[in-house]
Amino acid sequence: SLSGSYLTITGLVFQNGSVGAASVVELRNGSALADHCRLTDCYIKNYNSSSATDNKWVSLYGTYNRVDNCRFDGKSNLGATVTIWYASTTYPTPSVSTYHQIDHNYFLDRSITGATNGGESIRLGDSNASRTKGYNVVEYNYFENCDGEIEIISNKSENNTYRYNTFYNNDGGLTLRHGANCIVYGNFFFGGIKPGSYGIRLIDGGHIVTNNYMEGLSGGGSSNLRSPITVMDGKVGSAANEYFQVTNAVVAFNTIVNCNGPGILVG
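Here's a quick rundown of the structure.

A word on the overall build of the protein. Helix and strand counts for the protein come out as zero helices and 30 strands. A compact globule built from 267 residues would reach a C-alpha radius of gyration of about 18 Å, and the protein, at 17 Å, matches this within 12%. Its C-alpha atoms put the protein at 45 × 40 × 30 Å along the principal axes. Taken over 267 residues, the protein has a buried fraction of 55%. Long-range pairs, those at least 24 residues apart, make up 74% of the contacts in the protein between residues at least 6 apart in sequence. Computing the positive centroid from 18 side-chain charges and the negative centroid from 21, the protein places the two 2 Å apart.

Okay, the sheet that holds strand 8 (residues 43–45) next. In space, the nine strands of this open sheet follow the order 3-8-11-14-17-20-23-26-29, with parallel pairing throughout. The sheet is open, and its two edges are formed by strand 3 (13–15) and strand 29 (255–257), each paired on a single side. Averaged over all neighbouring strand pairs, the angle between strand axes comes to 5 degrees, with direction disregarded.

Let us look at the packing of aromatic side chains. In the structure shown here, the tally under the stated rule is 15 aromatic pairs. Relative to Phe190, the ring of Phe188 has its centre 6.3 Å away and its plane inclined at 10 degrees; by these criteria the two rings are stacked. Put simply, the rings of Phe72, Phe107, Phe143, Phe167 and Phe189 pair up and form one aromatic cluster. The ring of Trp85 is capped by Arg123, whose NZ or CZ atom sits 5.0 Å from the centre of that ring. In this arrangement the basic side chain of Arg131 is found over the ring face of Phe244, its NZ or CZ atom lying 4.8 Å from the centre.

Membership of the largest hydrophobic core comes to 47 residues, with the highest contact counts inside it found for Val58, Phe72, Ile122 and Ile153. The residues touching Ile122, leaving out its near neighbours within four places in the chain, are Val82, Ile102, Phe107, Val138, Phe143, Ile152, Ile153 and Ser154.

This part covers the pattern of salt bridges. Counted under the stated rule, the structure contains 14 salt bridges. Between Lys56 and Asp54 there is a salt bridge, and its shortest N-O distance comes to 2.6 Å. Judged by its relative accessible area of 9%, Lys56 falls in the buried class. Here Arg131 makes a salt bridge to Glu158, at a shortest N to O gap of 2.7 Å. A residue pair is termed long-range when its members are at least 10 positions apart, and Arg131 in the loop between strand 15 (122–125) and strand 16 (137–139) and Glu158 in the loop between strand 18 (151–156) and strand 19 (161–163) qualify at 27 residues. Exposure remark for Glu158: the relative accessible area of 6% places this residue in the buried category. Bridged by salt links that share partners, the residues Arg38, Arg66, Asp68 and Asp103 form one connected network.

We now examine the sheet that holds strand 4 (residues 25–26). Read from one edge of the open sheet, nine strands run 4-9-12-15-18-21-24-27-30, paired in parallel fashion. Both outer strands of the open sheet, strand 4 and strand 30 (264–266), are each paired with one neighbouring strand and no more. Here strand 4 runs beside strand 9 (residues 58–60); their pairing, made up of two bridges, is parallel. Across the sheet, the residue bridging to Glu26 is Ser59, located in strand 9.

Position of Asn105 relative to the elements: it lies in the loop between strand 13 (101–103) and strand 14 (106–110). At 3.2 Å, the side chain of Asn105 and the backbone nitrogen of Asn69 are in polar contact. One polar contact links the side chain of Asn105 to the main-chain amide nitrogen of Cys70, over a distance of 2.8 Å. Apart from residues lying up to four places away in sequence, Asn105 is in contact with Val67, Asp68, Asn69, Cys70, Phe72, Tyr140, Asn141 and Tyr142.

Reading guide: rules and limits
- Residues numbered from 1 in each chain as written.
- Predicted model: local features only at pLDDT ≥ 70, side-chain atom pairs only at ≥ 80, totals over all residues.
- Heavy atoms only, no water.
- Helix = DSSP H or I, 4+ residues; strand = E, 2+ residues; numbered from the N terminus.
- Rg over C-alpha atoms; globule rule 2.2 N^0.38 Å.
- Buried < 20%, exposed > 50% of the residue type's maximum accessible area, 1.4 Å probe, protein only.
- Contact = heavy atoms within 4.5 Å.
- Lys, Arg positive; Asp, Glu negative; His and termini not counted.
- Charge placed at Lys NZ, Arg CZ, Asp CG, Glu CD.
- Pairing = 2+ DSSP bridges.
- Axes fitted to C-alpha atoms, helices over the stretch in contact; angles between N-to-C directions.
- Phe/Tyr/Trp six-rings, centres within 6.5 Å; stacked < 30°, edge-to-face > 60°.
- Lys NZ or Arg CZ within 6 Å of the ring centre and 35° of its normal.
- Core = buried A, V, L, I, M, F, W, Y, C linked by side-chain atoms within 4.5 Å.
- Salt bridge = Lys/Arg side-chain N within 4 Å of Asp/Glu carboxyl O.
- Polar contact = N/O pair within 3.5 Å; in protein donor to acceptor, adjacent residues only side chain to side chain.

Right under this line is the structure:
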């Protein structure tokens, strides 16, 4: 647990252990949060609780923190690998913007047994805080064999940017699940051999999805949620944890090569 300002954690290895339902690394200490702090050049491998126990490997609290040049390998229980948390709020009241950066990390061999939710590699927020302008940046990360669930990245806040990430051989994709006005550009999606591989799924308003490259994605052949680009129909009067209609989106200049199903599925 780390709290304070302008502190760095570097060069640590956590391997073949367990912390139960706690986080392995938590950027807070009780109610004291971390700001402008950094987790860099660290390695977490097979640090798993029982499969039904929900814990996170890295929990980001506070503001302006960074996770970079780390390797996260072999998470097999419930709970996102890296999670951005917001101060407690009730939808639709926004929380405090966080301005975190997650970059140049390697996410590898994410799996889970007997669950269809709670296996993300990165989650940014939750439904209660989804009207919060996060202003987080997720860039230059590499995701390989991340098969925890349909959402490798689960966006659940607003005004976040996803750029220059590479997804290779994953049973999932990037989902803008809750929150509006996110930007997704310059990412690479390679399906490899995974039957559930897909690209980007849009929910809610104002998203911009441009200049992404998608090749060999197979998921569109088996599910209307797994096309290279999926624009969901949503629901009128959606509750916070349901599916808001897609409005005012820009989807442009994306390249789709040898993928199953419709390249862009609307509705």
